[in-house]
Amino acid sequence: MKYLKLLLIIAFTLLLLFAASDLPFRGDPDNQMNQEVSMTGTPVPGNYYIQEAYHDAHTPNIVTVILGDYRAIDTLGEQIVIFTAGLITFLLLRNRKEGEEDDE
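Here the residue numbers are simple positions, counted from 1 along each chain's written sequence. Whole-chain, interface and lining totals are the exception, using all residues; otherwise, since this is a predicted model, local features are given only for residues with pLDDT of at least 70 and side-chain atom pairs are given and counted only at 80 or more. Hydrogens are left out, water is left out, and the side-chain values use all remaining heavy atoms of the structure.

Novice: Looking at this model, I keep getting lost on the overall build of the protein chain. Mind explaining?
Specialist: Helix and strand content of the protein chain: four helices and zero strands. The numbering of helices and of strands both runs from the N terminus, where a helix is a DSSP run of H or I of at least 4 residues and a strand a run of E of at least 2. Moving toward the C terminus, one meets the helices and strands of the protein chain in the order α-α-α-α. Computed over its C-alpha atoms, the radius of gyration of the protein chain comes to 23 Å, more than 25% above the 13 Å expected for a compact globule of 104 residues. When the backbone C-alpha atoms are referred to their principal axes, the protein chain occupies close to 65 × 40 × 25 Å. Taking all contacts inside the protein chain whose residues are at least 6 apart in sequence as the whole, residues at least 24 apart take part in 0%. Each radius of gyration is computed over the set of C-alpha atoms, and the globule rule expresses the reference value as 2.2 Å times the number of residues to the power 0.38. Residues are treated as being in contact if the distance between any of their heavy atoms lies within 4.5 Å.

What follows is the structure in structure tokens.
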């Protein structure tokens, strides 16, 4: 069983490295993220966020504007998922005293 877990971790690591090898270089000016218009002819949202964040929310921190204003509902959903996962982990891993019975 120990070797199976190790084999799965190695296979997953190799899969991630293979997928990451196909990503474009971050500093490439021809990278799709650095373009004003996408290949479908629509504006790239990242450029709008960078150019208009201060004017839309009057907050100097662009990360706060993106997470709090532009993506507020999505961020709330992510926070609920993380809170629920943490609560479940806490409930599963908490220590119980010997002889203690469940309330069920």
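Novice: It is not clear to me how the side chain of T75 should be interpreted in this structure. Could you clarify?
Specialist: Relative to the helices and strands, T75 is located in helix 4 (residues 72-93). Polar contacts involving the side chain of T75 include one to the main-chain carbonyl oxygen of L67, which spans 3.4 Å. Whenever a nitrogen or oxygen atom comes within 3.5 Å of another N or O atom, the pair is scored as a polar contact, on the condition that within protein one atom can donate a hydrogen and the other can accept it, and that pairs from neighbouring residues in sequence are kept only if both atoms are in side chains.

Novice: Explanation requested: the packing of aromatic side chains in the structure shown.
Specialist: What describes a pair of aromatic rings is the distance from one ring centre to the other and the angle between the planes of the rings. Geometry of aromatic contacts follows a simple scheme: Phe, Tyr and Trp rings, the Trp one being its six-membered ring, pair when their centres are within 6.5 Å, and the pair is stacked under 30 degrees between planes, edge-to-face over 60, tilted otherwise. A complete count under the given rule lists three aromatic pairs for this structure. Seen in terms of ring centroids, Y48 and Y70 are 6.2 Å apart; in terms of plane orientation they differ by 55 degrees. Their pairing is tilted. Of the two residues, Y48 sits in helix 2 (residues 45-57) while Y70 sits in helix 3 (residues 62-70), which places them 22 residues apart along the sequence. Overall, Y70 belongs to the partly exposed group, its relative accessible area being 25%. Only protein chains enter the accessibility calculation, which uses a 1.4 Å probe. A residue is then buried if its area is under 20% of the maximum for its type, exposed if over 50%, and partly exposed in between.

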